[in-house]
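Descriptive analysis of the structure
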Amino acid sequence: MFELTFTEEQQMLREMVRDFTTNELKPLAAQIDEKEAIPDHIIKKIAELGIFGAAFPVEYGGSGFGEIGYCIIQEEISKGCMSTATMIGAHASIGSNSIYLGGSEELKQRFMPALAAGEKIAAFGLTEQGAGSDAFNLKTHAEQDGDYWVINGEKQWITNGPIADVVAVYARTKKGITAFVVEKGMEGFSAGAPEKKMGIRGSKTSTLKFENVRVPKENMIGKEGYGFPIAMKVLNAGRLGLGAACLGSMKELLALSTEYAKNRYQFDEPIANFQAVQFMLSEIAVMIYNLESIVYRTATLYDLGKMTQAQAGMVKFYASESIDRTVDLSMQIFAGMGYSREMPIERFYRDARINRIFEGTNEIQKIVIAKDILRHKGSIFF
Amino acid sequence: MNILVAVSRVPDTTTKILVGSDGKFIDTNNVKFILNPYDEYALEEAIRLKEKNGGKVIAITVGPATAQDILRNALAVGADEAVHIKSEQNFDSFFVASQIAEYASKMKPDIIFMGKQSIDFDSLQVPSILSDILDLPLATIVTKLNYEGNMVKAEREIEGGKEVLSLQMPCIISAQKGLNEPRYPKLPDIMKAKKKPIEEIDAPNYENNIEIIGMELPSRSRLNKIVGDTDEDIKEIVRMLHEDAKIF
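Residues numbered from 1 in each chain as written. Chains lettered and ligands numbered in written order. Predicted model: local features only at pLDDT ≥ 70, side-chain atom pairs only at ≥ 80, totals over all residues. Heavy atoms only, no water.

**Side note on the pattern of salt bridges**
All names here are of chain A. Taken as a whole and judged by the stated rule, the model has 39 salt bridges over all chains. Arg 350 is paired through a salt bridge with Asp 33; the nearest N and O atoms lie 2.8 Å apart. Of the two residues, Arg 350 is situated in helix H11 (residues 345-352) and Asp 33 in helix H2 (residues 29-35); the sequence distance between them amounts to 317 residues. Arg 350 gets classed as buried once you look at its relative accessible area, which sits at 16%. (Salt bridge = Lys/Arg side-chain N within 4 Å of Asp/Glu carboxyl O. Helix = DSSP H or I, 4+ residues; strand = E, 2+ residues; numbered from the N terminus. Buried < 20%, exposed > 50% of the residue type's maximum accessible area, 1.4 Å probe, protein only.)

Take a look at the structure:
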């Protein structure tokens, strides 16, 4: 028997995050977009509720909800505000996860409790000007100098860059790519101005500059030369979480579109009576059902330590393509009102587009998936 | 300080209610249940009082086996222990109050909190019956509380104004919206709630004082009338408001 059910705790988690999103986040989502900032009191509340540390084990200051719990959170938060979901994702799923998945016990004990509690905010520093899809080609480098590593280079498109206290920085060393924890206040480390983005405007994205930043050798994540596998492992988690975030926004769009279609009259009847509109709602629902199924199936595999890179890639690819189709259909149902900034549809429309780009473009996902297919002679399913 | 909070499991306000096939009770299939919203204020007040003065908060409910989820909710928000008086039969307010009274008479709480009413049957009876059985002072529909020693000052809503009562503990308070801002359960506490104890007590068989004879949904049909804008039409509207709708 294959059944998808949630535990009582997972349901309580969902209820709590849903209430928080409905009561506190949704009313501010338009303002967060407009002012390009998530208010401090919201970030504080997210921290207090334990949302930042939900996925991590209790011994590192988390609540032990695992990846399934994290996906539930991303889903519910994204019903209200994808900027906030992105901020949480950059902190927990790729920033903190670099230390959690790649770091030594000592390093985890040093950093994880404050990160899980949201007392410190994390970011993930991999991408560079010449190293986007070609991440392995990164130029930031680190050289050993006694008990320190000296980092030089520049990162870009770093979510949480301007607000991060802790950054997992991937740099080239003699033995390959190595990850380090760089902390706010270290001399020579600075963040650029926030980028002016099309969507997820409340999340802060910037460049990070490293000019002879001296990092104690204890801040190395894992072993020298093992940074790239850590980055890939971290991104796999990130891609799955991205799928959950898309899922949440799509559910919200279906709810909004349905309500609108039932109340918008043309030709003396609700437009929901017309097949043209019904078909759009059905198409969205089919995508949601598919995505919901693969997100939680894959999250279950993740928690069992069995998720493959291709599976994460398939979730990411399908989620981002589906949300783009969904926002487009919702916009068509809302028509003129959807195009107006009075309604949230145009915000979802703008927020959705990045999902096909970040955490590895969809083209990269297809390469990853194809590699897996070819390696297994076309047989990667039951 | 020992604090007892009586909580109730009710259908979610957004749930679509249907009457069951016996015509005497709602069809509980596919109905989402929640902790009664007024009980959330009672629970919050209890936890705040405990945080200030120490002691423990025990949440109690009377209901079927499925009602245990709201006790887990109460434990996740901050109750220390929970008591589940189990009964699968349909029951009236007197039964609920008498079961809570029986437990309270052994536990001897310093104060009992509960919502002013459950949003399912809306009887508003349990606080009063409980107060009668236990012979304890009661303040209902309370929006503000102050504690001085073993005295409680309770501000309650009355028609068009407020009334302030002074009660001596032990006493009973029924909570109204506005009493406080209920907190969200924190994630570590949701996990910890799993390990907190729920005492299960089988309720005795009981003959209801009140029998439900029938239940039906409110009629949804509306009598819309469209009139024009001539002086005659305006006269007709006035007549309809006066004679048909009897508004004035």
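**So, the domain arrangement of chain A**
Residue and element names in this part refer to chain A. Here chain A is described as being made up of domain 1 (8-116), domain 2 (122-224) and domain 3 (228-375). Between the C-alpha centres of domain 1 and domain 3 the distance comes to 20 Å. Counting from both sides, the interface comprises 25 residues of domain 1 and, opposite them, 30 residues of domain 3. With both chains or domains summed, domain 1 and domain 3 bury close to 2,200 Å², and 59% of this area falls on carbon and sulfur atoms. Of all residues in domain 1, Glu 67, Glu 75 and Met 82 bury the most surface against domain 3, accounting for 27% of the area lost on that side. Linking domain 1 with domain 3 are 4 salt bridges. A salt bridge links Lys 26 to Glu 252; the shortest N-O distance between them is 3.2 Å. Inspection of the region where domain 1 meets domain 3 yields 11 residue pairs in polar contact (both at pLDDT 80 or more). Sorting the residues of the side of domain 1 that touches domain 3 by element identifies H2, helix H4 (66-80) and helix H5 (82-102) as the ones contributing at least two each. By residue number, the principal contributor to the side of domain 1 that touches domain 3 is H4, which donates 11 residues. Residues that form the side of domain 1 that touches domain 3 fall into these classes: 9 nonpolar, 9 polar and 7 charged. (Domains from an automatic or database assignment. Contact = heavy atoms within 4.5 Å. Buried area = accessible area lost by both parts, 1.4 Å probe. Polar contact = N/O pair within 3.5 Å; in protein donor to acceptor, adjacent residues only side chain to side chain. Nonpolar A, V, L, I, M, F, W, Y, C, P; charged D, E, K, R; others polar.)

**Structural notes on the environment of Val 7 of chain B**
Residue and element names in this part refer to chain B. Of note, Val 7 is situated in the loop between strand S1 (2-6) and strand S2 (9-11). Overall, Val 7 belongs to the buried group, its relative accessible area being 5%. When sequence neighbours within four positions are dropped, the list of residues in contact with Val 7 reads Leu 35, Asp 39, Ile 60, Thr 61, Ile 70 and Leu 71.

**Some thoughts on the sheet that holds strand S10 (residues 171-175) of chain B**
All names here are of chain B. Pairing is mixed in the open sheet, where 9 strands are placed in the order S9-S8-S7-S10-S6-S1-S4-S5-S11. Two strands bound the open sheet, and with one partner strand each, they are strand S9 (161-168) and strand S11 (198-202). The average angle at which neighbouring strand axes cross in this sheet is 30°, direction not considered. Here 6 bridges tie strand S7 (residues 138-148) to strand S8 (residues 151-158), and the two strands are oriented antiparallel to one another. Across the sheet, the residue bridging to Leu 145 is Ala 154, located in S8. Taken strand by strand, helix H1 (residues 37-53) contacts S1, strand S4 (56-63), strand S6 (111-115), S7 and S10, and its axis lies near 150° from that of S6. In the packing of helix H2 (residues 68-77) onto the sheet, contacts are made with S4, strand S5 (81-86) and S11, and the angle to S5 comes to roughly 165°. (Pairing = 2+ DSSP bridges. Axes fitted to C-alpha atoms, helices over the stretch in contact; angles between N-to-C directions.)

**Considering the interface of chain A and chain B**
Between chain A and chain B, the contact holds 20 residues from the first and 14 residues from the second. Of the roughly 1,400 Å² buried at the junction of chain A and chain B (both faces included), carbon and sulfur atoms supply 68%. Taken together, the links from chain A to chain B amount to 1 salt bridge. With a shortest N-O distance of 3.5 Å, Glu 15 of chain A and Lys 32 of chain B are connected by a salt bridge. Linking chain A with chain B are 4 residue pairs in polar contact (both at pLDDT 80 or more). Residue assignment for the side of chain A that touches chain B shows that the elements contributing at least two residues are helix H1 (8-25) and helix H3 (40-48) of chain A.

**Quick notes on the state of the cysteines**
Residues and elements named next belong to chain A. Per the stated rule, a full pass over the model turns up 0 disulfides over all chains. Here Cys 71 is not cross-linked by a disulfide; its sulfur's nearest cysteine counterpart is in Cys 246, at 11 Å. Of the residues examined, Cys 71 reaches a relative accessible area of 0% and is grouped as buried. (Disulfide = S-S within 2.5 Å.)

**Points about H1 of chain B**
Residue and element names in this part refer to chain B. Between the first and last C-alpha of H1 there are 25 Å, a value that for 17 residues agrees with the 24 Å anticipated at 1.5 Å per step. The complete set of buried residues in H1 reads Tyr 38, Asp 39, Tyr 41, Ala 42, Leu 43, Glu 44, Glu 45, Ala 46, Ile 47, Leu 49 and Lys 50. The first or second residue beyond H1 is Gly 54, which carries a positive phi of 80°. (Expected span 1.5 Å × (residues − 1).)

**Let's talk about the confidence of the model for chain B**
Looking at chain B as a whole, its pLDDT mean stands at 92, while 98% of the residues score no less than 70. Model confidence for the complex is summarised by a pTM of 0.90, with the ipTM given as 0.88. (pLDDT = per-residue confidence, 0-100.)

**Concerning the nonpolar core**
By size, the foremost hydrophobic cluster in this structure holds 112 residues, and its most contacted members are Ile 51 of chain A together with Val 5, Ile 111, Phe 113, Leu 145, Ile 173 and Leu 187 of chain B. Top contributing element to this core by residue count: helix H7 (residues 227-263) of chain A, with 12 residues. If sequence neighbours within four positions are ignored, Val 5 of chain B has contacts with Ala 42, Leu 43, Ala 46, Val 57, Ile 58, Ala 59, Ile 60 and Phe 113 of chain B. Core analysis: the second largest hydrophobic core is formed by 26 residues, Ile 99, Ala 179, Val 234 and Leu 235 of chain A among them. (Core = buried A, V, L, I, M, F, W, Y, C linked by side-chain atoms within 4.5 Å.)

**Remarks on the pairing of S10 of chain B**
Residue and element names in this part refer to chain B. Most of S10 sits inside the fold, with 5 of its 5 residues counted as buried. Of the two faces of S10, the one carrying Cys 171, Ile 173 and Ala 175 and the one carrying Ile 172 and Ser 174 are both buried. Note that S6 and S10 share 5 bridges and pair parallel. Looking across to S10, one finds that Ile 111 is bridged to Cys 171. When S7 meets S10, the two strands line up parallel, connected through 3 bridges. Opposite Leu 138, over in S10, you have Ile 172 as the bridge partner.

**Remarks on helix H3 (residues 93-107) of chain B**
All names here are of chain B. Given a rise of 1.5 Å per residue, 15 residues ought to cover 21 Å, and the 21 Å separating the end C-alpha atoms of H3 matches this to within 8%. With 11 of 15 residues buried, H3 is to be regarded as a mostly interior element. Every buried residue of H3 is listed here: Ser 93, Phe 95, Val 96, Ala 97, Ser 98, Gln 99, Ile 100, Ala 101, Tyr 103, Ala 104 and Met 107. For H3, the secondary structure elements touched by its buried residues are S1, S4, S5, S6, helix H4 (126-134) and S11.

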